[in-house]
Amino acid sequence: MQLWLIPLLPLAGFTVNGLFGRRFSKGVVNAVAVGSVVLSFAWVLKTLIALGVLNTAYSEHYFTWIQSDAFSVGCDMSVDRLTAIMLLIVTGIGSLIHIYSIGYMAHEGGYYRFFAYMNLFMFFMLVLVLASNYLLLFVGWEGVGLCSYLLIGFYFDKKFATDAGNKAFIVNRIGDFGFSLAMFYMVRQFGTLDFGTVFSKAPAAPESALTIIGLLLLLGAAGKSAQIPLYVWLPDAMAGPTPVSALIHAATMVTAGVYMTARSFAIYTHAPVAMEAIAVIGIATAFFAATIGMAQNDIKKVFAYSTVSQLGYMFLGVGVGACSAGIYHLMTHAFFKALLFLGSGSVIHALSGEQDMRQMGGLRGKIPWTCWTMFCASLAISGFPFTSGFLSKDAILLAANHHAPWMYWVGTITAGMTAFYVFRAFFMTFFGDYRGREHHPHESPRVMLVPLVILAVLSLAGGYLFKIPEFLGTIFPTLEMPEDFGLMAIASGAGLLGILLAYVMYVARPGIPDAIASSLRGLYTLVYNKYFVDEIYDAAVVKPVVGGSRLLLWKGMDAGIIDGMVNGVGARAKSIGGALRLLQSGNARSYATWVAFGGVLVIVALGVAEGVTR
Amino acid sequence: MTQVPASWFLTLSAVLFVLGVAGFIFRRSIITMFMSIELMLNAVNLSFVTFSYQLKQVDGHLFVFFVMVVAAAEAAVGLAIILTVFKNRATLNIDEINSMKN
Amino acid sequence: MDVILFLVFAIIAVLAAINVVVQTHPIASAVSLIGVMGSLAVLYLLLGAEFIAAAQVIVYAGAVMVLFVFVIMLLNAGAEVRKGRSFMASLLGAPVLIALLALLAWFVERIYPESVGVHFGGFTGGGPDAIGRALFTTYLLPFEITSILVLIAILGAVVLARKEID
């Protein structure tokens, strides 16, 4: 079935564009980059059609990567229903975003570099999804982290961009550390990292071991998928180009954590403490990020916090045992969040770079296609009845209620806040009077609009076209829950309330937001400054680590001990030489004295030796 | 007693040798130091001959022969060097010929 | 008889050696050294080393010391001036020498307590024929090498001591 072609086509695109892209014309770069991803998508379709129903996983083994006594890791790829969904999302939405980027990046420098990095990202993401053991998954995991760093810092001449790239990579590293520890523990416990073997041995393992593994994996997922406490890199990652935000930080990379957690479901089922931790962190993150999102003025930051919040929903789904619901939301979120980002990119492109919503307004007449596609996405994310977002979010909330009712209520409030901030952004951007300086906001070219339209259709109808929970029923046990229309109504009502509130505050009576802000000055400042979390981290963690590192490790160990040892050898030789130099007095008589003295010593030594032996 | 114990010869040789070393260490004139070297060589010659007598072999004499040859050659070259040094430095005081200091 | 001979010439040798070291003027030291060599020649005769005794007088005392005297007179070396000092020599010199003498004497006594008695005629293998035979058979290689050595010494002395050609 040649599964390896799926990731390798984008890798080929990366190689060609990376090595020769500088000399290619834009057309050739486009053809190589976009062509490789589209071909990959076509191959995915072909493979899935050929595989048919996929009741069992289909795997291919390529070569043995590590062989050490009883421990071996192979380069294996496998496809089951979960993988199939991920493959379609990654390659499908990836293709759309690549097409979009042709238009968005048309006037930017480093054109071929951008597409090369995007292709590299696709390669790693596909390796991550296709892997059938934890180590190969980790290869993809690290690789997407690297590409995220490269793409966030794409405008490398801007310090805030490179800082953001550093931050993303470093915070991810903390998560990766947890992942690595989990893998070590897994090898110790199960002796292998292969999915099939680990999951079949999991039920027999002691719960404490599984809990530790689960919590460590959660740490890794929290880093990659921007959950509390490691979410701080995602808002800063908006420094990268908007297609990057759409692809990596909305649809694919950040969902890797959810995917990995869902894949490890067999471990988590037998470690309830860890699963509870997932749910709690998920709901807490969802609520927390939503509150911050309500006060942001940069359009991309709003959606960034929204991503963090929606990822929290996905984790909540996995944590309460409704893995299919979590993956379902992953899919619908990919549709509407990618659309929201691409749409905001279209707005930014129309305004020649303006991102502050306070400088926007009244754009719906000028960029209608962008406006109404974003409207579809906003409806979906708000859980407006009968959009795909509604279906997936409801599935999660119902499962949460089944697990612990308080989670349902917090989730519903968060849904209301989600609707509020998304429509706040929508109204601020497209309604009212134009507050900006750009005189001719122009609609984006067709190459950017077509993906928007496709995604809009998917946002509205995708939930019906792809009924994930039933599809994944072979992998994840479905929770038996009655369809509780009351709860569904309350959740939808919360969403509608949010939309209404946004309309009132930003369209009907535009003076209200400022009034609220000034009356709740303290709370507003707190929320606007993201609860000063970054500052707290900086003071509590970053500064002590850097300072301690500088003092202890750099000055103390590196310069002091290691350099000291090396230099000390030199200094020691110098001082010994200095002492011995005094012997070189140039005075022949002292030399003769020394010779005689040495001769006496030798004679004594010989005599002693002889006396000993005799 | 009509025979001289050979150990007396050896003791004499040791005394002469030590006197030679003393001359070398304590004298400042180069020529005198050179003569002390010759004194040392002579002392060693004496002990070689003594051992040759003791072992009733002629090889000791051969050693002395070669020592003498080498001492002669050394004296020739060494005195030539002293001449050159005197030409350059105008002094025969060893303590003043210390350009190898430090 | 032999004992008296030995004692007399030994004492002469030692006194002359002390004189070599003690005298300030090089000429006096050189003459004393000739005296040492002469005494040693007699002692060699006592030890049956006739050839060596003759060589000592002819080569050593007659050629090498003459060379020394020539150079002393060429350089017009005067009495030694006590300029300059050597810290090491003054510090370690005497103790080292005493230690050296004591050690050597002690070793001699220890190794050769019952040594052979020396008298005239005790060793007859020291004549020219014995030396010649050994020289040209067993010690042929050192002989040839020392010949070259002497040649090099001649060349070296000539090169070093000649006047600079302006």
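Above: the structure in question.
Sequence order as written defines the numbering, with residues in each chain counted from 1. Ligands are numbered from 1 and chains lettered from A, in the order in which they are written. It should be noted that, the model being predicted, local features are given only for residues of pLDDT at least 70 and side-chain atom pairs only at 80 or more, the latter also being counted only at that level, while totals for whole chains, interfaces and linings use all residues.

Engineer: When you look at the interface of chain C and chain B in this model, what are you seeing that I'm missing?
Structural biologist: Accessible area lost upon the coming together of the parts is a frequently used measure of interface size. Our contact criterion uses C-beta atoms placed from the backbone: two residues qualify when those atoms are within 7 Å. With 76 residues of chain C in contact, the opposing surface of chain B contributes 65 residues. Counting from the N terminus, the helices are DSSP H or I runs at least four residues long and the strands are E runs at least two residues long. Breaking the side of chain C that touches chain B down by element, the ones donating at least two residues are α1 (2-22), α2 (26-46), α3 (50-75), α4 (87-111), β1 (117-118), α5 (128-136) and α6 (140-161) of chain C. Gly falls in the polar group here, along with every residue not listed as nonpolar (Ala, Val, Leu, Ile, Met, Phe, Trp, Tyr, Cys, Pro) or charged (Asp, Glu, Lys, Arg). When its residues are assigned to classes, the side of chain C that touches chain B shows 57 nonpolar, 13 polar and six charged. Note on pairing: two strands pair once DSSP finds at least 2 bridges between them. When strand β1 (residues 4-5) of chain B meets β1(C), the two strands line up antiparallel, connected through two bridges. Looking at β1(C), one finds that B:P5 is bridged to C:G117.

Engineer: Sorry, what's going on with the pairing of strand β1 (residues 58-68) of chain A here?
Structural biologist: On any regular strand, side chains alternate: one points to one face of the sheet, the next to the other face. Residue and element names in this part refer to chain A. Working definition of burial: number of other C-beta atoms within 10 Å of the residue's own, with buried at 20 or more, exposed at 12 or fewer, and partly exposed in between, all C-beta atoms being placed from the backbone. Counting buried residues along β1, only zero of its 11 residues qualify, which leaves the element largely exposed. Where β1 and strand β2 (residues 71-79) come together, nine bridges link them in antiparallel fashion. Bridge pairing in β2 links Y58 to V79. Counted between consecutive antiparallel strands, the loop separating β1 from β2 contains two residues, among which D69 sits at a positive phi close to 60°.

Engineer: Would you mind going over the packing of helix α16 (residues 368-381) of chain A against helix α18 (residues 405-430) of chain A with me for this structure?
Structural biologist: Each pair of packed helices gets described by two things: the angle between the helix axes and the distance between those axes. Residue and element names in this part refer to chain A. Between α16 and α18, the shortest axis-to-axis distance is 9 Å and the interhelical angle comes to 170°. It follows from the interaxial angle that α16 and α18 lie roughly antiparallel. For α16 against α18, the interelement crossing comes out left-handed. The segment α16 lies against α18, with C371, M374, F375, S378 and I381 engaging T418, V422, F423, F426 and F430. Counted by class, the contact of α16 with α18 contains eight nonpolar, two polar and no charged residues. Angles here are taken between N-to-C directions and fall from 0 to 180 degrees, while the axes themselves are lines fitted to C-alpha atoms, restricted in helices to the stretch in contact. Each angle receives one of four descriptions, namely roughly parallel if under 35 degrees, roughly antiparallel if over 145, roughly perpendicular if within 65 to 115, and oblique otherwise. Working rule for handedness: look at the near helix, and if it is turned counterclockwise from the far one by less than a right angle, call the crossing left-handed; if clockwise, right-handed.

Engineer: Could you clarify how one ought to interpret the nonpolar core in this entry?
Structural biologist: In this description, a nonpolar core means buried residues of the types Ala, Val, Leu, Ile, Met, Phe, Trp, Tyr and Cys, linked to one another by C-beta atoms lying within 7 Å. Membership of the largest hydrophobic core comes to 197 residues, with the highest contact counts inside it found for A:F121, A:A338 and A:L339. At 18 residues, helix α4 (residues 111-130) of chain A tops the list of elements feeding residues into this core. If we ignore the near neighbours within four places in the chain, the residues touching A:A338 are A:I93, A:I97, A:A246, A:A250, A:A251 and A:L455. Of all hydrophobic cores here, the second largest spans 81 residues; its members include B:L79, C:V20, C:L43 and C:V118.

These values are about where atoms sit, not about what they do.
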